Amino acid sequence: MAGFGGQGIITAGKILGRAAVLYDQGSAVLTEDYGPEKMGGWSKADLVISEKEIRYPIVDKPDVFLAMAQDGFDRFHETLRPDGRALFEKGLVHPTREWKRKTSFIPALKAAEELGRKVVANIVMIGALVELTDVVTREAAQKAILDSVPKGTEQLNEEAFRKGGELARGGAS
Amino acid sequence: MNAATITDRHPGDVLLRRERFPHIWCPGCGLGNALRCYVEAMKVSDTPLDKHVVVSGIGCSGRVAGYVNIDSYHTTHGRPIPFATGLKLMKPELEVTVFSGDGDLITIGGNHFIHTARRNLDLNILFVNNFNYGMTGGQFGATTPYAARTTTTPYGNFEQAFNMPLLAAACGAPFVARWTTLHVRQLKEAIQRAFEVEGFAFVEIISPCPIGFGRKNRFADAMDEMTHFREGAVVDHDADLREVGITMRRGDPIVVGNFVDVERPSYDVGKRKLLQKVREGLP
Amino acid sequence: MLDSRPVLTGEHFVKGDVAVMEGAIAAGCRFYAGYPITPSSEIAERASQRLPLVGGEYIQMEDEIGSLAAVIGASCGGAKAMTATSGPGLSLMMEHIGLASMLETPCVIVDVQRGGPSTGLPTLTSQGDMMQARWGSHGDYEIVAYAPSTVQEMFDFAIKAFNAAETYRIPVLVMADQIIAQMTTKLVIPPEEEIETVYRPIPDVPAEEYLPFDSSYLVPPMALAGTGYRLHMTGLTHSDAGYPETNVPGQEALVPRLVRKIRENEEKIVEVEERLVDDAEVGLVIYGSTAGPGWEAVQAARKEGIKAGMLRLVTPWPFPRTPVRRLSEQVDAILVAEVNMGQMVHPVTEQAECPVHHLGLPGGRIFHPNEILRGLRKVVT
């Protein structure tokens, strides 16, 4: 999962990992990487989710690639497996013409703005990801979101999550 | 006048490790006087002797820790302040004194000095300034005056010296004093006051080093250097600290006094204030 | 978020840096002095948040030299005390690893290894400090080091490290690395009553009879500051009474005991993990974050018919001489894989009765299992 600092990429990784480990009784390892800028640089969350113990924590060829910024696409799109699935922020990521992978474009930022807070765009993306893949169960994701978001924003985040699922089901592209 | 009597007891015996004497210091060294004043101040302090701790570093001054009969730690070069920091934080009831020289405290250890003064940690710093590295053979350090001769400034010291009271005050020390080893009563009282002050209490003790510094700088012997202290000493508690740098040139003054004695919240007070609110909010 | 329980029993999804600090607190650590450095700063952050809540002290010092000095001072006051750092900071701590050894003050140092030399790779992994951990301070002394391979072991080994430090009155290092320290994964913290902790021996004789470095003990009892013993401790070579004894008899009485504390307890301290070694023909020796890829490689090698076995150095120091020798007597060759240009391969070679090969990386990343597999293939042909 890649984007730029402030988009909540790492938080999204933590929520999904937490869901897998604490609520789906699976294994998950999250590693993080950033550009040298403290704000606004690129950021990447690599998440391995497995039913078995994870001995090698590095993601070389992901099954799922989520990008919330063009820079994230540019840097990491070549790593996605040929049969892998991509989720892109619709307004911010524009793949090259050669891009042929199975891809969903999710207008997460627009949806988040409509909900009143841009910062929940990452939760919209999680909603879509959970709908389109089986990395974690819906229930686990919902619980992990509630543990992770600031008090008083639970309802907003739950709505963002639901909206993401809706957009994915609606075949947003 | 009474006839001199020789006894096998020293007035400081209760606080000195007699079996460790004779000490390693040269004849005429000022460390004995400084040690005596420290011991005398401890004897009259409100803190029980078992709660006094001395921490020293490396150099002639570092050996003080081995002669005082209290809990005493002789640590590494320049690091008695951070060692004392850990000890004081864990055992705030202890009266922790750092006994250190100019090479140790402010040359190699200068960074610890300024930051601990800034933090205003409740330590007593007894700083014996004899203007050179005595133990290693009389090299120059951060308090050696400009143009002074040492074994590594054969053409005179090219560098400027720290004015320690100014530095300590600028870093925020709430108590700053300077006396020479001749001023035994004032020095003892300044140390007593340092024990009382809650915060970083700094006492500079100007001391003769006849072998390392004196004889290379036109002081024939310890008495000669002490004579310079006596003749040059100017007591001025309200001195402008920018003007109290020491040249050790005959005719130039050595300004002494209790220069700073102000209230400033110690590290401990500041910490408790902020943590209290947090602890109140705990489940 | 704010929790004043010292042991946060339960399941967590946290970074290795957090796990190691929670392990330390669970072991009784109540003092942390440190200086921020990537990639260990999250340990300091956790310490600053948690220690004040559990009755401990956190202080951020002006450098790593002062940090370890403060830790030793706190330990002399009776605290279980620690610091954490990374390569450049570990270099600055060498002076006080010596002082802690000489004063026999228990303390724990967590080193999150990053690529070096010098400033090197601040955010990327390495195992390049292994020799410095053992030999970095001047003079003769012995330390204990643990090398965690998982986030869970960051927690578990912090406890082991404190227990070893307190048992033998020595500095103990936790040799982590950036990957383990900064990965986020599952941590299970057991109930408080299941965590075994050790506190240093303290004297039970009156002050007049107490010798702070009593050589009739291998590990003498340690009087704490302010408890009426009026002890003296010095970094100089010293007598049983603690006073400077800077001569040959003094040195010959003191230093061998400092070393024997560990050498005579080596069997008790040393820990290894052995997997599939019973019938192995080629041995893979690894530690720390190389364990995961190493184990994958061994399993893959087995599928190809290569009888590989793995020996993991849980305690790189003291070096597990006996297990390595035993392995070397059984296998035809040993491969040491490590993220440095050749460090732990040296003690392995010193002990081994068979040829020893090295597979190294200069730092920045961990091995891919396939790289180690290729190494194993090469060794057997």
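Everything quoted here is computed from the prediction, not taken from an experiment.

### Quick look at the interface of chain C and chain A
Each partner contributes residues to the interface: chain C has 14 residues there, and chain A has 15 residues. Only β1 (10–15), α7 (178–182), β9 (184–189) and α10 (291–303) of chain C provide two or more residues apiece to the side of chain C that touches chain A. Looking at the side of chain C that touches chain A, the element that brings in the most residues is α10(C), giving four residues. The residue makeup of the side of chain C that touches chain A, split by class, is seven nonpolar, four polar and three charged.

### Re the confidence of the model for chain B
Residues with a pLDDT of 70 or more make up 98% of chain B, whose mean pLDDT is 95. Both confidence scores are given for the complex: pTM 0.96, ipTM 0.96.

### Notes on the environment of S56(B)
Residue and element names in this part refer to chain B. Position of S56 among the secondary structure elements: in strand β1 (residues 52–56). Accessibility expressed as a C-beta count within 10 Å gives 28 for S56, which makes it buried. Residues S56 and D104 lie 48 residues apart in sequence; the distance between their C-alpha atoms is 8.9 Å. Residues in contact with S56, not counting those within four places in the same chain, are S61, G62, V64, A65, H74, T75, P80, F99 and S100.

### Here we look at helix α5 (residues 138–148) of chain A
A turn of α-helix holds 3.6 residues, and therefore any two residues three or four places apart point the same way. Listed as buried for α5(A) are A140(A), A141(A), Q142(A), A144(A) and I145(A). Packed against the buried residues of α5(A) are α1 (9–23), α4 (121–132) and α6 (154–169) of chain A.

### Thoughts on the sheet that holds strand β13 (residues 308–313) of chain C
Residue and element names in this part refer to chain C. Spatially, the five strands line up as an open sheet ordered β11-β13-β12-β14-β15, and their pairing is mixed. Every other strand in the sheet has two partners, leaving β11 (272–275) and β15 (356–360) as the edge strands with one partner each. On average, adjacent strands in this sheet sit at an angle of 20° to one another, irrespective of strand direction. Pairing geometry for β11 and β13, over four bridges, is antiparallel. In the strand pairing of β13, V272 is matched with L313. Against the sheet, helix α13 (residues 369–380) makes contact with β12 (282–286), β13, β14 (333–338) and β15, and its axis sits at roughly 155° relative to β14, the strand it touches most.

### What to know about the pairing of strand β8 (residues 171–177) of chain C
Residues and elements named next belong to chain C. Of all seven residues in β8, seven are buried, a share of seventy percent or more. Side-chain alternation along β8 places P171, L173, M175 and D177 on one buried face and V172, V174 and A176 on a second face that is also buried. Strand direction decides the pairing type here: strand β5 (residues 107–115) and β8, joined by seven bridges, are parallel. Opposite D111, over in β8, you have M175 as the bridge partner. Of the pairings in the sheet, the one linking strand β7 (residues 144–146) to β8 comprises three bridges and is parallel in character. Residue V144 lies in a different strand from β8, and its bridge partner there is V172.

Criteria and thresholds
- Residues numbered from 1 in each chain as written.
- Chains lettered and ligands numbered in written order.
- Predicted model: local features only at pLDDT ≥ 70, side-chain atom pairs only at ≥ 80, totals over all residues.
- Contact = placed C-beta atoms within 7 Å.
- Helix = DSSP H or I, 4+ residues; strand = E, 2+ residues; numbered from the N terminus.
- Nonpolar A, V, L, I, M, F, W, Y, C, P; charged D, E, K, R; others polar.
- pLDDT = per-residue confidence, 0-100.
- Buried ≥ 20, exposed ≤ 12 C-beta atoms within 10 Å, placed from the backbone.
- Pairing = 2+ DSSP bridges.
- Axes fitted to C-alpha atoms, helices over the stretch in contact; angles between N-to-C directions.

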